[in-house]
Amino acid sequence: MSLLVHISSIISLYILILLFLVPFTSSSSFHQAKGVTVMQLLKNRSSLLTSIAKNKRSIKTMAPAFQLAPRLDGLDKPTVWHEFSPLAVEHNAINLGQGFPDWDPPAFAMEAMNKSVDPSFRRNANQYARSYAHMPLAKVLAEDYSKRFGREINPATEIATAVGCTNALYCALQGMVGAGDEVILLEPAFDVYIAQTKMAGGTPKFVPLRTTETNDDSMSANEKFVLDLNELEQAITDKTKVLILNTPHNPTGKMFNRSEMEQLASIIERHPQVTVIADEVYEHIVFDEKTSPHISFASIPGMYEHTLTLSSSGKTFSATGWKVGWAVGPPHLTGVVTSVQQWVNFSAPTPNQDAIAQCLVTAREPYEGFDTFYQWVAEEYKRKCGLLVDALKTAGMEPIVPNGGFFIMADTSKIDLPKSYIQEKTVAMPSDPMPRDWAMSRWLTKEVGVTAIPPSAFYDKSTLHLAKNLLRFAFCKGDSTIIEAHKRFEKFFK
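None of the values given here were measured: they were computed from a predicted structure.

Caption draft 1: Representation of the packing of aromatic side chains within the structure. Following the criterion strictly, the structure yields 24 aromatic pairs and no others. Summarising the aromatic geometry, the rings of Tyr-128 and Phe-346 are spaced 5.9 Å apart at their centres and angled 70° between planes, so their arrangement reads as edge-to-face. Linking Tyr-128 in the loop between helix 6 (107-117) and helix 7 (135-149) with Phe-346 in the loop between helix 13 (331-341) and helix 14 (350-362), this pair joins segments that are 218 residues apart in sequence. Look at Tyr-128 and you get exposed, because its relative accessible area is 75%. When its relative accessible area of 36% is taken as the criterion, Phe-346 is described as partly exposed. On the numbers, 6.3 Å between centres and 50° between planes, the contact of Phe-489 with Phe-493 is tilted. Highlighted residues: Phe-489 and Phe-493, both in helix 18 (residues 479-493), separated by 4 residues, approximately one helical turn. Taking relative accessible area as the criterion, Phe-489 reaches 0% and is therefore assigned buried. For Phe-493, a relative accessible area of 25% gives the class partly exposed. Among the aromatic residues, those joined into a ring-pair cluster are Trp-103, Tyr-282, Tyr-381, Phe-406 and Phe-407. In this structure, Arg-472 is placed above the aromatic ring of Phe-407, and the distance from its NZ or CZ to the ring centre is 3.7 Å. Over the aromatic face of Phe-100 sits the side chain of Lys-477, whose NZ or CZ is 4.1 Å from the ring centroid.

Laid out in structure tokens, this is it:
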């Protein structure tokens, strides 16, 4: 391209910027400085735009030169969230897809945030926190995890906070994984795991949870979804750097029991180059502490040094927008998180961290007739889960009752799906032809008025068939929302 054409393109871009700014700029100083130029441009607006349109070397034709880095190939494609949230709005559907509460945090959390930003409370939380963690939060977390892990956690070196669990995971993978390294993901795997592995230059390797086939339609997620530990170990190579373990598991609601954890620990002992990143954001949303308690992998003997435990406050305190997450582990692993974070966002917002530090203390105390806030929140979600189970049964689905978390997986194999929906094509669908679960969710949204998330969004193309008869529904919604979904199911299916 000649120098003249380069200059012409730059001038064209400058003119477009000015044309865009004129309607939105009211500053008199701007008009005084740019008034002559703007007036001249306005007088010749039509001819200028015509001239730009005729320029074969225009900005538009230059755009293809700007592409994502090869390791990010495909990550700019629309996702399941881009498709189903707008579709729900378009058809006025009850959206039981995305997993965030549709109510505000508890009063004590709001009060804590007010204290954090109000100087009269002298919490000194309006300036940067240390990159590792705001120390009041680090101390509270160290107290909690010391009890859980049965060891003393140093708040200064074994706690790292981040802008939500997603940010903590990003920093961890950026620091642990390089080109050619492999990360093992248990399918269905939250789509963020796949994207962040690729962003770090790594290669995802998928090991699916297998389903137990039985005539019993009342099986829990723990019983229905099984990890084949031999299959997992066979997936480990000398390139494997990380295994991401999510419990309670999204989207299935499965919680890995102690026997499974101990067998997994034996595998890690045989492959010590593998670090386990344990995503435990649903740790307090557990429905039967006696028969299916939450077990942290780091608490298994010998595994603390191999494990980075991640969690956050958003799910527990219904404050997903506050974005306070953390990593707990030995200094060589928490140091990975802070080594990356100090060059990205430096630290998580101090007022948010400080408010959560207060919330974690309050959550240990009696609340609404329960011994702790944690007990109350778990019981509340268990109740909401029951409401949604009843609603799904009305629609002829078989709910796979979760043992923890926000979501229910439901078997839709008894529902007849119109073939025309399989023939539809969308930019976000993971394969062509459209997977049955994807088409089923579109049909439910359009015809029934209830939106779910198709689990094929959480599988590799080679294992999409495992999701064909499943849908994921979220019950972290107000009672009125779930009840309205029930009414719509009842009206359509009966």
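Caption draft 2: Quick look at the layout of surface pockets. The calculated volume of the largest pocket comes to roughly 790 Å³. Broken down by secondary-structure element, the contributors of at least two residues to the lining of the largest pocket are helix 5 (80-90), helix 9 (191-199) and strand 4 (203-208). When grouped by side-chain class, the residues that make up the lining of the largest pocket number 15 nonpolar, 5 polar and 6 charged. Roughly 600 Å³ of internal volume is contained in the second largest pocket. In terms of lining, the second largest pocket is formed by 26 residues, of which the most central are Gly-99, Thr-166, Phe-190, Lys-315 and Lys-323.

Caption draft 3: Fine view of the pairing of strand 12 (residues 407-411). Most of strand 12 sits out of view: 5 of its 5 residues are buried. Bridge count between strand 11 (residues 398-400) and strand 12: 3 bridges; the pairing is antiparallel. Residue pairing across strands places Pro-399 opposite Ala-410, the latter belonging to strand 12. Counting the residues between successive antiparallel strands, the hairpin from strand 11 to strand 12 contains 6 residues, one of them, Gly-405, with a positive phi of roughly 95°.

Caption draft 4: Representation of empty space enclosed by the protein. Counted under the stated rule, the structure contains 1 cavity of 30 Å³ or more. Volume-wise, the largest cavity comes out at about 40 Å³. Around the largest cavity, the lining residues are Leu-185, Leu-186, Pro-188, Ala-189, Tyr-193, Ile-244, Leu-245, Asn-246 and His-249. Listed by contribution, the elements that provide at least two residues to the lining of the largest cavity are strand 3 (182-187) and strand 7 (240-246).

Caption draft 5: Broad picture of the sheet that holds strand 12. The strand order 11-12-14 describes an open sheet built from 3 strands, whose pairing is antiparallel. Where the open sheet ends on each side, the last strands, each with one partner, are strand 11 and strand 14 (470-474). The mean angle between the axes of side-by-side strands here comes to 35°, regardless of whether they run parallel or antiparallel.

Caption draft 6: Representation of helix 6 within the structure. Listed in full, the buried residues belonging to helix 6 are Phe-108, Ala-109, Ala-112, Met-113 and Ser-116. When helix 6 is viewed along its axis, its buried side chains cluster within an angular range of 145° and face the same direction. Opposite the packed face of helix 6, turned more than 90 degrees from it, sit the exposed residues Ala-107 and Asn-114. Looking at the packing, one finds that the buried side of helix 6 touches helix 14 and helix 15 (373-394).

Caption draft 7: Structural detail: the pattern of salt bridges. Counted by the stated rule, this structure contains 20 salt bridges. Where Asp-354 meets Arg-123, a salt bridge forms, and the shortest distance between an N and an O atom there is 2.4 Å. Placement of the pair is Asp-354 in helix 14 and Arg-123 in the loop between helix 6 and helix 7, with a sequence separation of 231 residues. Accessibility expressed as a relative area gives 30% for Arg-123, which makes it partly exposed. Here Glu-283 makes a salt bridge to Arg-148, at a shortest N to O gap of 2.6 Å. Taken together, the residues Glu-283 in the loop between strand 8 (275-279) and strand 9 (307-312) and Arg-148 in helix 7 connect sequence positions 135 residues apart. The partly exposed category is assigned to Arg-148, whose relative accessible area is 29%.

Each value, and the rule that gives it
- Residues numbered from 1 in each chain as written.
- Predicted model: local features only at pLDDT ≥ 70, side-chain atom pairs only at ≥ 80, totals over all residues.
- Heavy atoms only, no water.
- Phe/Tyr/Trp six-rings, centres within 6.5 Å; stacked < 30°, edge-to-face > 60°.
- Helix = DSSP H or I, 4+ residues; strand = E, 2+ residues; numbered from the N terminus.
- Buried < 20%, exposed > 50% of the residue type's maximum accessible area, 1.4 Å probe, protein only.
- Lys NZ or Arg CZ within 6 Å of the ring centre and 35° of its normal.
- 1 Å grid on protein atoms, 1.4 Å probe; cavity = no way out; pocket = protein on both sides within 12 Å on 5 of 7 lines; lining within 4 Å.
- Points joined across faces, edges and corners; volume = space filled by probe spheres on them.
- Nonpolar A, V, L, I, M, F, W, Y, C, P; charged D, E, K, R; others polar.
- Pairing = 2+ DSSP bridges.
- Axes fitted to C-alpha atoms, helices over the stretch in contact; angles between N-to-C directions.
- Arc of directions from axis to C-beta.
- Contact = heavy atoms within 4.5 Å.
- Salt bridge = Lys/Arg side-chain N within 4 Å of Asp/Glu carboxyl O.

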